[in-house]
Amino acid sequence: MQRYSNIDLSRGLIMIFMALDHASLMVGRVHFTEMWGVDFTPYPDLLQWGTRFVSHLCAPGFFFLMGMSIYLFGEKSRRADWSPGRIRAYFFKRGALILLLMLLLEVPAFAIAGGAKQVGEAAVMPGQFNGGFFFPGTVLFGLGTCMIVSAFLWQLNRWLLLGISISSFVFSALVIATTDPSEAVNPLWHFFIVPGQSDGALSMYPLIPWLGITTFGIFWARILKNNPSAFFTYSLRVGIGFVLAALSVRALGYGNFQISEYRDWISFFTLIKYPPSLVFSLLMIGVHLILLHVFTRTFGRSWQQPLLIFGQTAMFFYILHLHLYAWTGIAFPMGCHMAVMYAIWLLGLVVLFYLCRWFVAFKKTKPPGSIWRMI
């Protein structure tokens, strides 16, 4: 498949779920943040839970699929006689561009959305913040820094990559277990390992926990290269195995940081995302592996066209949808009914489809080294 279209389809699906989550935040003014170390407001009903839960596929999917794409692009470039230095420079430039987009376009969109009173759960984070300047660690911060670090990792032995992935989860769990969520920590600590807030930093996506998901994506792409005929069968089997492992560990009350008890199936599936707990990561990556298999077997269906377009323009879609829903949300300072929010989300997707389709054609007119190809 050209461009490994199953990856584009998977990425396109999570872009749609991400848009729903941000429409809920920016237009509906309802949002939930599954953060370690702080009390979590229970979901009031099934619809609110489902709206948030499907979005959990997004962040792990971004990092996992980015890892796969890093390896596949690196191999393609190496075969085209790019030097190792040129490949590393490309990943550096693309990572730096992501960080620049965070500062210039992503953060302003959230600032616009946050200008009105938010209804529902207030965002509560561990650590201490007394006001003043802070540097934001958003999802683009995590993606940009992981891409820069991966410039040095993508050619490593696949088992070493797997070891890095496992180590990141073990180290993250150990640090979280020994950190007091009511105490301030060094701001740099928030950017590397502990999500939270301090004077100078507010980070949701620190480097080390999410780097493990990225290196697993690189590892899985190496499996694709070494076993192309069996790869998607592996994806299905390992994906099911990950899902079953996640459910088993959760049932035993482990692998979810401080939320170990559960009363019903909604609380059972209330999983810590910041940082990604073991149960959260196993379940979400397992689903993504299954999706890779499904999209491979069903590729070419007409209903997949929007997914393909969104997946091929992920960064463009991301920045555009943030501003679309942020500016729309100004008209709903107190939020709106869920049905209205869903209607605005769907209408937004229609607008985004035509804009992203134009951008796909635009990018094809640019040379391989163009900055537009990196967006």
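Residues numbered from 1 in each chain as written. Predicted model: local features only at pLDDT ≥ 70, side-chain atom pairs only at ≥ 80, totals over all residues. Heavy atoms only, no water.

Peer 1: Whenever I open this one, the overall build of the protein chain confuses me. Can you help?
Peer 2: What the protein chain contains, in helices and strands, is 14 helices and 3 strands. The globule rule puts the C-alpha radius of gyration for 375 residues at 21 Å, and the 20 Å found for the protein chain is close to it. Over its C-alpha atoms, taken along the principal directions, the protein chain stretches across nearly 50 × 45 × 40 Å. The buried share of the protein chain, reckoned over its 375 residues, is 54%. The contacts of the protein chain with a sequence gap of at least 6 include a subset with a gap of at least 24, amounting to 77%. Only carbon and sulfur atoms are counted for the fraction: they give 67% of the accessible area of the protein chain, which is about 16,300 Å². The averaged location of the 14 negative side-chain charges in the protein chain is 20 Å from the averaged location of its 26 positive side-chain charges. (Helix = DSSP H or I, 4+ residues; strand = E, 2+ residues; numbered from the N terminus. Rg over C-alpha atoms; globule rule 2.2 N^0.38 Å. Buried < 20%, exposed > 50% of the residue type's maximum accessible area, 1.4 Å probe, protein only. Contact = heavy atoms within 4.5 Å. Areas by Shrake-Rupley, 256 points an atom, 1.4 Å probe, with all protein chains shown as cover. Lys, Arg positive; Asp, Glu negative; His and termini not counted. Charge placed at Lys NZ, Arg CZ, Asp CG, Glu CD.)

Peer 1: I tried to follow a nonpolar patch on the surface on my own but got confused; where do I start?
Peer 2: Taken together, the side chains of Leu347, Val350, Val351, Tyr354 and Leu355 make up a nonpolar region of the molecular surface, amounting to roughly 460 Å² of accessible area. Along the chain, Leu355 falls in helix H14 (residues 338–364). (Patch = residues over 30% accessible without salt bridge, like charges linked within 9 Å, V, L, I, M, F, W, Y side chains within 5 Å. Salt bridge = Lys/Arg side-chain N within 4 Å of Asp/Glu carboxyl O.)

Peer 1: Can you walk me through a positive patch on the surface in this structure?
Peer 2: Positive charge collects at one region of the surface, where Lys76, Arg79, Lys225, Lys364 and Arg373 lie side by side. Of note, Lys225 is situated in helix H8 (residues 207–226).

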